[in-house]
Structures are given as C-alpha cells and as structure tokens.
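Observations on chain architecture
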Amino acid sequence: MLFTLRPSRALAALLLIASTAPLALHAQQKATMEQFLSPASPLDIAAANNAERVAWMAYDRGMRNVYTAAAPDFKPVRLTKFLDDDGTDLTNVELSEDGSIAIFVRGSAPNRLGWVANPSHDAAGAERAIWAVRTNGTGAAWRVAEGSSPALSPDGKYVLFVKDGQIYRGRVTGQGPKTAVDTGGVPFIKAWGNNSNPRWSPDGSKISFTSARENHALILVYDMKSRKVNYIAPSVDCDASPTWSPDSKRLAFIRRPGVPFGAQAQQGGGGIGNPQSPMFSPTSAAAQQGRGGPAGIGGASGCGGGGFGGGGGGGARGGQAAGAAPAPAPARSPGLYTATFRGGYTLSLMVADVASGEAKEFWHTQPTERVWTGISNIRWAAEHVVFQMQMPNDEWDRYFSIKVDGAVENPIPLIRTDGMIEDATAVTYSPDGKTLYYCTNATDIERRHIWAVSTAGGEARRVSTGTGIETYPVAMGAGKNLAVIYFNAAQPASIGIVPTAGGDPKIVFPTLGKDFPKDAHVIPQTVITKAADGLEIHNTLFMPKDMRAGEKRPAIIFVHGGPQRQMMPGYHYFQFYHWAYAFNQWLADQGYVVLSINYRSGVGYGRSFRNAPNVAARGNAEYQDVLAGAHYLQANTNVDATRIGIWGLSYGGLLTSQALARNSDIFVAGVDLAGVHLYGPSLDSTNVSYSSSSISQIDKWKSPVFLVHGDDDRNVAFSQTVGLVQLLRARGIYHELIVVPDDVHESLIHKNWVYTFGRMGDFLKRFVWNKEAPPK
C-alpha cells in the first residue's frame with residue numbers, strides 16, 4: 001500500500017490522530033509528539049573576541065532565526081524575523097570582534113548538480129546567501145551576497161568567501177553605492193590557481209589565502225591599503241594552513257615537498273616544454289572540469305592528490321590511452337616517485353615575516369618517523385601553534401603544540417585525558433590564546449563536558465560541572481565566561497553560560513513553555529550487552545514510568561545513523577538525533593520499552609571500536625550488535641518478546657532494513673527513514689558487499705515497514721528506496737511510504753516531521769503495540 005505526503009487535509013487528519021489517540025494502556029491524556037518538539041533549539045553558536053556577547057541560531061518549529069545575549073544578564077534577544085516554516089536553512093553564525101555585527105548563511109549546501117534545496121517548492125528556486133544583522137536589535141537583517149562559508153573582517157565591514165577557486169568579497173556595512181565587487185558579482189582577489197581559505201589578520205589590514213597550482217601551492221597575502229598581493233616565501237613546494245600571529249606581523253604555515261615527476265598528473269599543452277605528465281588521466285581531468293574548475297588545479301595532480309611521495313592519480317602513464325598496457329616504469333630513483341626535503345623529512349613548519357615575505361623553518365619531522373606527517377591544520381595560540389593528531393595505537397584524540405620560536409624539539413602533548421574530541425567545533429581558545437577549551441567524554445564516556453588546558457602544556461581540568469551534557473564551547477572576550485549548548489535527560493538544547501573558573505551552566509535560552517512535557521521524560525539507563533563475537537555494546541534504555549510489576553510491554557529498538565555517532569542518556573547536539581531522542585522519550589511515555597543501541601563503528605568508545613573490522617559492505621558485523629540488543633529485550637521480564645519493533649534514519653534505516661530482512665521472526669515491524677539497502681554496484685550473490693546488504697535476504701522479509709525519503713537526499717541516494725520498493729512490491733510485503741519531493745536527507749520542513757512522527761506513532765501502534773496482521 002502506498003501513502004504519499006499530501007497537503008493540509010491529510011496532514012490535519014494525521015495530526016489529530018497523533019495528538020488524540022494515546023498508545024498507552026491507561027486512559028489519562030498523554031503528551032503529544034508535537035509538544036515534545038515545541039521548544040526552540042539552538043544549533044549554531046558564536047562569540048565575540050572583544051566583548052562578552054554570544055550569538056546563536058535557533059530552530060523554532062521550522063523557523064530559523066539568529067539570537068544574541070550579552071553580559072551581565074545574558075538576556076536573549078531575537079535579531080531576525082524569518083517566521084515561516086519554509087525549509088530555508090540557517091548556518092555559519094559569526095560575530096565581529098566587538099560583537100556589533102552578526103553574519104550568517106541562509107540556504108542549504110548545493111547537491112552534486114549544484115541545486116540548493118527547495119523543499120517549499122518555490123517556483124523561483126532557492127539560493128544560498130550571506131546575510132548580516134546588527135546585534136543592538138535595531139533594523140532588519142539584510143542580504144550581503146550570494147555565497148557561503150563567510151569570513152567576517154574584525155571590524156564587521158566585509159565578508160570574504162570563495163567561489164570557483166577565487167576570493168570574493170561582500171560589503172556588510174558602509175556608505176555609498178555598492179559596486180559589483182561589494183556584492184560578490186566579480187572576484188575581489190583574482191589569481192591563477194585554486195584559491196581558498198581566506199583569513200583576515202587580527203588587525204584587519206591584510207588577508208592571507210592559499211593558492212593551489214597543479215604541482216605546488218603558495219601562500220599569498222593581500223594588503224587592504226596598497227591593494228596588492230604579495231607571496232610568502234614562494235617555492236616549488238606545497239604550502240598550506242596559514243595562521244596569523246596575534247600582532248598580525250607573522251604567519252605560520254605547513255610546508256611539504258612539491259609533487260615529483262612520478263606523481264604529477266597535469267594534462268600539459270603539448271610540445272617539448274609542456275608535455276603531458278606521467279600520471280595524467282583523461283577521466284580524472286574530465287571529472288575535475290565537471291566540478292567547475294580547470295583540470296589539474298587542486299585536483300588529482302595537485303598538492304591534495306597524492307603528491308607528497310605517495311603515488312598519484314592512477315591514470316595512464318607516458319601519454320598512453322586509458323586502458324592501454326603500461327609501459328615499463330623507470331627505476332624508482334630518489335625524487336622520481338617520492339619527494340623529501342634535504343635531510344629526508346617530509347613536513348616542515350614555517351614562520352614568515354609578512355612585511356618582507358621571508359620565512360624560516362621552526363620545526364620539522366624526523367626523516368624516518370611517520371607520526372607527525374599527518375599534521376594538516378594549525379592554529380596560532382599565544383606563542384605556540386596548536387594542532388590535532390591521531391597517534392598510532394592510541395584510542396583517543398589528542399592536541400599538541402609547538403613553540404614558534406623553535407625552542408621545543410618535540411611537540412608538547414596538551415590533552416592527556418582519555419576521551420573523544422569529535423571535531424573542530426569541539427574546541428575553542430581563550431582570547432589571549434593561552435588556554436585551549438575542549439569538549440570530551442573523558443571520565444564520563446556516555447556524556448560530554450568542557451575541559452581546559454594551557455596551550456603551553458600542563459594538567460587539564462574539567463570546567464563544566466554537573467550531570468548534564470555540554471558541547472560546542474565558545475570563549476567570550478573578557479575571558480571570564482564560556483557559552484555552550486547544554487542538554488540533559490529532560491532539558492532540550494539550551495544556551496548555557498559557564499564560568500571559565502568552573503561551575504554549572506546557567507541556562508539563558510530557551511524558556512520552556514508550559515506545554516513542554518518535562519515531567520513526562522524518563523531518566524534513561526545505560527545497559528551493556530555483549531555481541532555474539534564478545535564485543536561489549538553500550539545502550540540507552542528508556543523504561544516507562546507507569547510499569548506495573550509483572551507487566552510486559554512492547555519494545556522498540558532505535559539505531560542511530562552515521563555510523564559515526566553516539567547516542568547519550570540525554571538530548572543530542574545533532575538536530576535529527578535531538579528529535580530522535582524526543583521521539584524515544586515520547587514512545588516511553590506512550591508505554592513502550594525503548595532501547596537505543598550504540599553499535600560498533602560509532603564514536604565515543606575509542607578508535608578500535610570506531611574502526612571495527614568487517615562492518616558495512618565488508619561483512620555487516622555491526623548487525624550482531626542490533627541482535628544482541630534484541631536478545632536483551634527478549635530476556636527482559638518487562639518486555640513482550642513477540643512485540644519488538646525497530647526504527648532509524650540513514651545508517652539506522654540501513655540497520656532497520658537488515659533487521660526486517662534477516663529477522664522478521666524477531667522484529668514485527670520497522671520504520672526505515674532514508675536507509676541504504678544495497679552496498680555498492682554488485683548484484684552477485686557471492687560478492688561480500690551484496691551478501692552484506694539487506695536485499696540479499698529479501699526473501700526472508702515478512703514484517704511490515706514504513707519508508708520515508710526525500711528525493712533530493714544528498715547523503716543517501718533516493719534510488720535506494722526506489723529499488724527497495726520494487727522488491728517489496730514483487731513479494732507482496734506490506735509497506736507504507738512517504739516521498740517528499742525536493743527535500744533532503746533530514747527534512748528541512750518542521751510540519752513534515754510532525755506529520756512523519758505522527759505517522760510513525762500510528763504505524764507502530766498498529767503493528768507493534770496491537771500486533772495487527774498487515775493487510776493483504
């Protein structure tokens with residue numbers, strides 16, 4: 001049976017069902033899922049470097065707006081008036097140094113064909129543009145330029161962004177008519193190469209950026225006063241990651257050797273002086289041109305494509321046609337296929353005087369070691385550069401620093417606590433650069449807290465206290481406070497202010513309304529199961545509050561996506577998983593026992609767990625963790641083993657389809673949101689990727705399934721659902737379906753989620769709670 005998303009009447013009917021038909025056995029009115037979704041959720045946060053001000057984006061029932069708060073009371077103020085649930089995303093919030101201007105981006109990232117998501121079906125199409133607003137609350141927000149990933153000047157007057165390999169500028173403030181340069185109509189800085197990573201000097205007088213040029217890369221500096229571009233110690237090598245000193249007089253950067261002949265893949269122009277390079281491939285060149293840039297500029301032949309002594313583009317050698325038998329390769333003489341600096345090392349950290357353009361090395365790797373060669377991004381902090389590194393045989397993430405004056409022979413380990421640091425948004429620096437603040441699950445593996453350590457090294461200390469979850473720290477200008485996004489078991493995403501000296505977060509946003517069912521939440525428990533191969537799996541268990549002794553309830557398993565995610569005993573810092581946690585709480589309030597499974601290949605439990613062998617298309621080993629959770633529920637005295645369902649999105653949808661295809665004898669129904677059903681291109685039953693896929697077991701699939709997918713999904717191809725439905729139809733397997741045209745992996749429209757969760761609740765009531773037989 002096919003159900004397709006339809007306009008208002010169908011939506012209203014489903015909302016009525018979802019809000020008036022409680023699933024529990026008792027007659028009292030239960031909270032609706034719409035009430036669980038009612039609070040505004042901060043999802044993006046920034047702070048001013050020279051002011052005690054913070055700004056954030058809040059998602060409020062589909063309306064996305066920028067808010068701000070300032071010391072001493074940190075009273076929140078809404079700055080923008082985007083009051084429609086139209087699916088227009090809002091990201092990249094940033095504040096000027098003094099906190100007077102906030103910028104942000106409206107519109108989704110484009111898909112592989114260059115289309116910005118248009119889930120509201122606007123006939124004019126959609127765009128992705130940079131906007132600005134004053135934080136004093138006066139005046140409306142204004143559009144600056146079409147673009148994304150803006151870098152705001154310290155004084156808030158301009159933004160820089162990259163388009164088609166060139167540096168563009170938008171004028172944020174200022175008098176007089178705007179030129180094409182001011183609106184991003186033409187490049188602000190036009191230079192040969194693939195130009196990227198524009199960064200303002202702290203005093204706003206200069207701009208650094210990187211220019212990748214086929215087989216080498218250069219650091220350039222644009223002077224705002226002279227309007228000239230200067231090169232920083234140009235060479236034949238690959239320079240990257242320029243970072244400014246606090247006084248704006250120096251730049252530190254990473255240097256690696258240029259691309260040797262045996263790894264060069266530029267096309268060439270013919271003739272004796274510009275021959276085709278040994279590793280040129282017409283296929284890779286065409287692909288590069290298809291991405292909007294000239295072949296070879298920052299593509300397969302460039303510094304990012306295997307040029308540092310490590311192979312090449314994989315194309316035909318010596319001008320041969322692709323597919324022809326390769327000619328005998330020359331002897332692998334030093335420097336032909338590998339590249340090192342004199343002395344045998346392959347990575348150097350440089351510091352340059354910006355005025356003269358001259359640079360000197362202040363540290364380099366050793367000739368035979370491979371530990372530090374993976375340094376890819378550095379940050380100047382006080383008199384050190386700081387970077388993240390994955391150390392061999394280390395289960396956890398580390399940061400290190402090196403003194404710029406060259407006084408330190410080896411990198412200084414900063415983070416000795418054992419725990420995950422998820423990405424760059426998990427760290428921030430004090431205004432003076434002397435302290436690194438980081439978000440980690442050290443000492444509390446199921447949650448996240450904020451810690452601090454000196455960038456010169458020393459003992460780390462925990463900053464945020466309490467039993468909640470604190471993420472995305474940002475340091476404010478006076479150095480006295482951090483802003484964080486805070487959660488706990490019954491507190492959705494909130495802005496919290498934490499003293500840098502340490503303490504519990506003070507919640508300043510949002511104010512929870514009376515309709516939010518805080519008292520309906522349960523306190524989840526962590527339970528550990530053991531998979532068939534002996535691996536321990538951490539799970540979060542939601543037990544209904546109204547359980548009676550000896551009573552058996554139906555149960556639902558939730559499997560997260562990613563797979564590099566970790567669900568916690570509280571609301572989550574990613575938007576969909578924030579809603580997923582709310583839905584699991586709603587299910588528990590309705591009377592279900594819910595088990596959320598942190599299966600192998602997820603994050604939070606060490607690198608070996610994340611990189612577990614034989615997962616996904618290599619053997620689907622993680623499915624045994626789902627089975628272990630099902631067996632735990634079957635043995636639970638409060639669970640009816642004949643009424644177990646499963647749901648998940650993305651990789652969770654994948655595992656839902658695995659469960660229904662492989663074990664319809666255990667799972668009586670499932671909800672598969674945007675799942676993957678076939679790994680890779682092979683349909684050969686002897687191929688491990690096919691046998692690992694859920695459709696390899698399609699003839700065992702008996703249980704009903706509810707499918708949801710947007711046809712502009714940029715994470716999971718919509719074809720995965722198209723193909724699955726054909727298999728289900730051919731076998732008469734009952735399925736219900738929502739197709740959302742022009743929507744993405746996780747719907748951008750709030751009413752779609754209210755509708756979808758309502759349908760999910762109705763579906764699970766019929767086929768798990770009531771255990772109805774599916775219609776023929």
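Residues numbered from 1 in each chain as written. Predicted model: local features only at pLDDT ≥ 70, side-chain atom pairs only at ≥ 80, totals over all residues. Heavy atoms only, no water.

What follows covers the overall build of the chain. Looking only at helices and strands, the chain features 10 helices and 39 strands. The C-alpha atoms of the chain give 28 Å as radius of gyration, which agrees with the globular expectation for 776 residues (28 Å, within 12%). By principal-axis analysis of the C-alpha atoms, the chain measures approximately 80 × 70 × 55 Å. Put simply, of all contacts in the chain between residues at least 6 apart along the chain, 57% involve residues at least 24 apart. When the 72 positive and 66 negative side-chain charges of the chain are each reduced to one mean point, those points stand 2 Å apart. (Helix = DSSP H or I, 4+ residues; strand = E, 2+ residues; numbered from the N terminus. Rg over C-alpha atoms; globule rule 2.2 N^0.38 Å. Contact = heavy atoms within 4.5 Å. Lys, Arg positive; Asp, Glu negative; His and termini not counted. Charge placed at Lys NZ, Arg CZ, Asp CG, Glu CD.)

Now for the pairing of strand β15 (residues 228–232). When strand β14 (residues 216–223) meets β15, the two strands line up antiparallel, connected through 5 bridges. The residue bridging D223 from the neighbouring strand is K228, located in β15. Linkage of β14 to β15, two consecutive antiparallel strands, is achieved through a turn of 4 residues, within which R227 is found at a positive phi near 60 degrees. (Pairing = 2+ DSSP bridges.)

So, on to the confidence of the model for the chain. Taken over all residues, the pLDDT of the chain has a mean of 90, while the share at 70 or more is 90%. pLDDT under 50 marks residues 287–301. Its contacts with residues more than four places away, or in other chains, come to 30 contacts. Predicted confidence is poor over residues 305–325, with pLDDT under 50, and the contacts of this stretch with residues over four places away or in other chains come to 41 contacts. (pLDDT = per-residue confidence, 0-100.)

A separate point is the side chain of S248. Its place among the elements puts S248 in the loop between β16 (238–244) and β17 (250–256). Residue classification places S248 among the buried residues on the basis of a relative accessible area of 6%. One polar contact links the side chain of S248 to the main-chain amide nitrogen of D203, over a distance of 3.0 Å. Ignoring anything within four residues of it in the chain, the contact list for S248 reads S201, P202 and D203. (Buried < 20%, exposed > 50% of the residue type's maximum accessible area, 1.4 Å probe, protein only. Polar contact = N/O pair within 3.5 Å; in protein donor to acceptor, adjacent residues only side chain to side chain.)

To continue, consider the packing of helix α4 (residues 575–590) against helix α10 (residues 750–769). Relative to each other, α4 and α10 sit at 40 degrees, their axes nearing to 12 Å. In this view, α4 runs oblique relative to α10, as classed from their interaxial angle. By crossing handedness, the relation of α4 to α10 is classed as right-handed. The residues of α10 that touch α4, namely those facing F576, W579, F583, W586, L587 and Q590, are W753, F757, M760, G761, L764 and W769. A per-class count over the contact of α4 with α10 returns 10 nonpolar, 2 polar and no charged. (Axes fitted to C-alpha atoms, helices over the stretch in contact; angles between N-to-C directions. Parallel < 35°, antiparallel > 145°, perpendicular 65-115°, else oblique. Left-handed = near helix turned anticlockwise from the far one by under 90°. Nonpolar A, V, L, I, M, F, W, Y, C, P; charged D, E, K, R; others polar.)

As a further point, take the side chain of N539. Note that N539 resides in strand β33 (residues 536–542). Of the polar contacts made by the side chain of N539, one reaches the side chain of T529; its length is 3.1 Å. Once you skip the residues sitting within four places of it in the chain, N539 turns out to touch Q525, T526, V527, I528, T529, L595, S596, I597 and N598.

Okay, unusual backbone geometry next. Omega for the bond connecting F509 with P510 falls within 30 degrees of zero, at -5 degrees, which places this linkage in the cis form. Backbone torsion omega between G562 and P563 reads 10 degrees, so that peptide bond is classified as cis. Within the element layout of this structure, P563 appears in the loop between β34 (553–559) and α4. Unlike most non-glycine residues, S149 shows phi in positive territory, near 50 degrees. In this fold, S149 is placed in the loop between β8 (142–146) and β9 (151–152). At S601, a residue that is not glycine, the phi angle is positive and equals roughly 85 degrees. Looking at where S601 falls in the secondary structure, it is placed in the loop between β35 (593–598) and α5 (607–610).

The next thing to look at is the sheet that holds strand β1 (residues 41–47). Within the open sheet, the 4 strands sit side by side as β1-β2-β3-β4. Their pairing is antiparallel. Of all the strands in the sheet, just β1 and β4 (77–78) have a single pairing partner and so form its edges. With 8 bridges connecting them, strand β2 (residues 53–60) and strand β3 (residues 63–70) associate as antiparallel partners. The residue of β3 that forms the bridge with A55 is T68.

Taking 1.5 Å of rise per residue, 12 residues should cover 16 Å, and helix α7 (residues 651–662) covers 16 Å from first to last C-alpha, within 8% of that figure. The buried fraction of α7 amounts to 12 of the 12 residues, a majority that puts the element mostly inside the structure. In this structure, the buried residues of α7 make contact with β34, α6 (623–635), β36 (639–649), β37 (667–673), α8 (688–692) and β38 (705–710). (Expected span 1.5 Å × (residues − 1).)

Right, let's talk about the pairing of β35 for a bit. Among the 6 residues of β35, 6 are classified as buried, and the element is accordingly described as predominantly covered. Of the two faces of β35, the one lined by V593, L595 and I597 and the one lined by V594, S596 and N598 are each fully buried. As defined by bridge partners, β34 adjoins β35 across 5 bridges and the pair is classed as parallel. Bridging across to β35, I557 finds its partner in L595. Handedness of the crossover joining β34 and β35 through α4: right-handed. (Right-handed = clockwise from strand over helix to strand, strands pointing away.)

Before going further, it helps to examine the sheet that holds strand β26 (residues 449–454). Within a sheet, adjacent strands bond to each other through the backbone by hydrogen bonds, running parallel or antiparallel. Ordered in space as β24-β25-β26-β27, the 4 strands form an open sheet in which the pairing is antiparallel. The open sheet is flanked by β24 (427–429) and β27 (461–462), the only strands paired with a single partner. Relative to β27, β26 runs antiparallel, the two being bridged by 2 bridges. Considered in β27, the bridge of A452 is made with R461.

Moving on, we come to the packing of aromatic side chains. The full count for this structure, using the stated rule, is 31 aromatic pairs. Centroid distance W372 to F387: 6.1 Å. Interplanar angle 85 degrees. Geometry classified as edge-to-face. Of this pair, W372 sits in the loop between β19 (359–364) and β20 (379–381) while F387 sits in strand β21 (residues 384–389), placing them 15 residues apart in sequence. Taken individually, W372 and F387 each receive the classification buried, so the pair is uniform in this respect. Chaining the aromatic ring pairs together yields one cluster made of Y59, F558, F576, Y577, W579, F583, W586, W647, W753 and F757. Here R106 stacks its cationic end above the ring of F82, 3.8 Å away from the centre of that ring. (Phe/Tyr/Trp six-rings, centres within 6.5 Å; stacked < 30°, edge-to-face > 60°. Lys NZ or Arg CZ within 6 Å of the ring centre and 35° of its normal.)

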